[in-house]
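The primary structure of each chain is shown beneath.
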Amino acid sequence: MKKLLAMLSITLLILAGCGSGGNFEAQTNWKVEDFNYENQRGEAVSLDDLKGTVWLASFIYTNCTTECPLMTFNMSDIQKELVDKGIEDYKIVSFSADPEFDTPEVLQEYIGNFEVPDESKWNLLTGYAQKDIKDFAANNFQTAAIKNPNTNEVMHGISFYLVDQNGVVVKNYNGYQDVPTEEIVMDVETLIADGQ
């Protein structure tokens, strides 16, 4: 019974992370706590490094064969739209939900499988313990990043998160299916303009 209740709670947590549209200024407002992780290029990336910049966040892992490749493809499509509109002052941050396997080298190889318009704006992060990313995802993005100890699978949210220049999550969207690409691009553009 305890396992069933735990699974139900996690499922509700993941579903709650899916985007539902609406006014992004009032939708979430979760402050991201400070972090200092390593990206696919072996560079340190902290919350301070992202201050002053609008960023899109997600949780993926490279051994994922279901949602993650499509989520990464979808994020690449969003970036293509940002490039087409001439929007430059943004970053994309993908936190690995399986940091023990996803080394910087593995993450670099993974992103190389996608047609990414500008990889310099992407930070695929690792360099933390599994428990740390589980807690970080729950505390900062209200989502799951829970590894099954018996398999290589990680239960994680499928949302994309819009984070403002002050490190506040202001909106989330479904990053897996029916991704509102135009809305995301418009929201990024609006946040950048509001911050100038």
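Everything that follows concerns the structure shown earlier in this document.
Residues numbered from 1 in each chain as written. Predicted model: local features only at pLDDT ≥ 70, side-chain atom pairs only at ≥ 80, totals over all residues. Heavy atoms only, no water.

## Brief notes about the overall build of the chain
Moving on, step 1. Within the chain, the secondary structure is distributed over seven helices and 10 strands.
Moving on, step 2. Counting the 196 residues in the chain, one finds 48% classified as buried.
Moving on, step 3. If you take every contact in the chain between residues at least 6 apart in sequence, the share linking residues at least 24 apart comes to 74%.
Moving on, step 4. Of the accessible surface of the chain, which amounts to about 9500 Å², a share of 49% is contributed by carbon and sulfur atoms. (Helix = DSSP H or I, 4+ residues; strand = E, 2+ residues; numbered from the N terminus. Buried < 20%, exposed > 50% of the residue type's maximum accessible area, 1.4 Å probe, protein only. Contact = heavy atoms within 4.5 Å. Areas by Shrake-Rupley, 256 points an atom, 1.4 Å probe, with all protein chains shown as cover.)

## Digging into the pattern of salt bridges
Moving on, step 1. Tallied over the entire structure, the rule returns nine salt bridges.
Moving on, step 2. In this structure, lysine 51 engages aspartate 48 in a salt bridge whose closest nitrogen and oxygen atoms are separated by 4.0 Å.
Moving on, step 3. A salt bridge links glutamate 189 to lysine 85, with the shortest nitrogen-to-oxygen separation between them at 3.0 Å. Taken together, the residues glutamate 189 in helix H7 (residues 181-194) and lysine 85 in the loop between helix H4 (67-84) and strand E5 (90-96) connect sequence positions 104 residues apart.
Moving on, step 4. Lysine 85 sits in the partly exposed class, given a relative accessible area of 47%.
Moving on, step 5. Each of Arg41, Glu43 and Glu119 takes part in salt bridges that share partners, so that together they form one network. (Salt bridge = Lys/Arg side-chain N within 4 Å of Asp/Glu carboxyl O.)

## Some details on the layout of surface pockets
If a probe as big as a water molecule is rolled over the atoms, it shows which places are left empty.
Moving on, step 1. Looking at the largest pocket, its volume works out to about 170 Å³.
Moving on, step 2. Around the largest pocket, the lining residues are Tyr61, Asn63, Cys64, Thr65, Thr66, Glu67, Glu153, Val154, Met155 and His156.
Moving on, step 3. If one sorts the elements of the lining of the largest pocket by residue count, strand E8 (residues 154-156) sits on top with three residues.
Moving on, step 4. Grouping the amino acids of the lining of the largest pocket by side-chain chemistry returns four nonpolar, four polar and two charged. (1 Å grid on protein atoms, 1.4 Å probe; cavity = no way out; pocket = protein on both sides within 12 Å on 5 of 7 lines; lining within 4 Å. Points joined across faces, edges and corners; volume = space filled by probe spheres on them. Nonpolar A, V, L, I, M, F, W, Y, C, P; charged D, E, K, R; others polar.)

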